[in-house]
Amino acid sequence: FEIAAKRMSADYINISSATSSTSKGETLLDTARNIAAMRPDALVIRHGAAGAAQFLARRIDIPVINAGDGAHE
């Protein structure tokens, strides 16, 4: 995904759950709301839980792109 973003001359931030605030107890929604507050054009999410992208898309006001969640592609 980083290579695709670079090829499109997009600016991006790669956040790993292992080093993010979620490892300190912040929820996925809290993290997404903090990112949305920065007004990015979109949030691309790859998550192990099925439905994670749809969950966020219904709760934040920026486009959410599902890059894979659970068994979904």
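A quick note: this is a predicted structure, and the numbers were derived from the prediction, not measured.

1. Concerning the overall build of the protein chain
Within the protein chain one finds 3 helices and 2 strands. Taken from N to C terminus, the helices and strands of the protein chain fall in the order α-α-β-α-β. Whereas a compact globule of 73 residues would reach a radius of gyration of roughly 11 Å, the protein chain reaches 12 Å, a difference of no more than 12%. Considering the protein chain as a whole, with its 73 residues, one finds that 23% of them fall into the buried category. Counted over contacts in the protein chain with a minimum sequence separation of 6, partners at least 24 positions apart contribute 21%. When the 8 positive and 8 negative side-chain charges of the protein chain are each reduced to one mean point, those points stand 2 Å apart.

2. Digging into the pattern of salt bridges
Summed over the entire model, instances satisfying the criterion amount to 1 salt bridge. Between D61 and R39 there is a salt bridge; the shortest N-O distance is 3.4 Å. Here D61, found in the loop between helix 3 (52–57) and strand 2 (64–69), pairs with R39, found in the loop between helix 2 (28–36) and strand 1 (43–47); they are 22 residues apart in sequence, far enough to count as distant. For the pair formed by D61 and R39, the shared burial category is exposed.

3. Section: the side chain of D69
Within the element layout of this structure, D69 appears in strand 2. Salt bridges are absent for the buried D69, whose nearest opposite-charge side chain, R46, sits at 8.8 Å. Looking at D69, its side chain comes within polar contact range of the main-chain nitrogen of G51, at 2.4 Å. A distance of 2.7 Å separates a polar atom in the side chain of D69 from a polar atom in the side chain of N66. The contacts of D69, once residues within four sequence positions are left out, are H47, A49, A50, G51, A52 and A53.

4. Some thoughts on the nonpolar core
Of all hydrophobic cores here, the largest spans 11 residues; its members are L29, A32, I35, A36, L43, I45, A52, A53, L56, I60 and I62. Secondary-structure elements contributing two or more residues to this core are helix 2, strand 1 and helix 3. Broken down by element, the residue count for this core peaks at 4 residues, all from helix 2. In this structure I62 touches A36, R39, P40, A42 and L43, once residues within four positions along its chain are discounted.

5. Structural notes on the confidence of the model for the protein chain
On average, the protein chain scores 88 in pLDDT, and the residues at 70 or more come to 90%. The lowest-confidence element of the protein chain is helix 1 (residues 2–7), averaging 89 in pLDDT; the highest-confidence one is helix 3, averaging 96.

Cut-off values and rules
Residues numbered from 1 in each chain as written. Predicted model: local features only at pLDDT ≥ 70, side-chain atom pairs only at ≥ 80, totals over all residues. Heavy atoms only, no water. Helix = DSSP H or I, 4+ residues; strand = E, 2+ residues; numbered from the N terminus. Rg over C-alpha atoms; globule rule 2.2 N^0.38 Å. Buried < 20%, exposed > 50% of the residue type's maximum accessible area, 1.4 Å probe, protein only. Contact = heavy atoms within 4.5 Å. Lys, Arg positive; Asp, Glu negative; His and termini not counted. Charge placed at Lys NZ, Arg CZ, Asp CG, Glu CD. Salt bridge = Lys/Arg side-chain N within 4 Å of Asp/Glu carboxyl O. Polar contact = N/O pair within 3.5 Å; in protein donor to acceptor, adjacent residues only side chain to side chain. Core = buried A, V, L, I, M, F, W, Y, C linked by side-chain atoms within 4.5 Å. pLDDT = per-residue confidence, 0-100.

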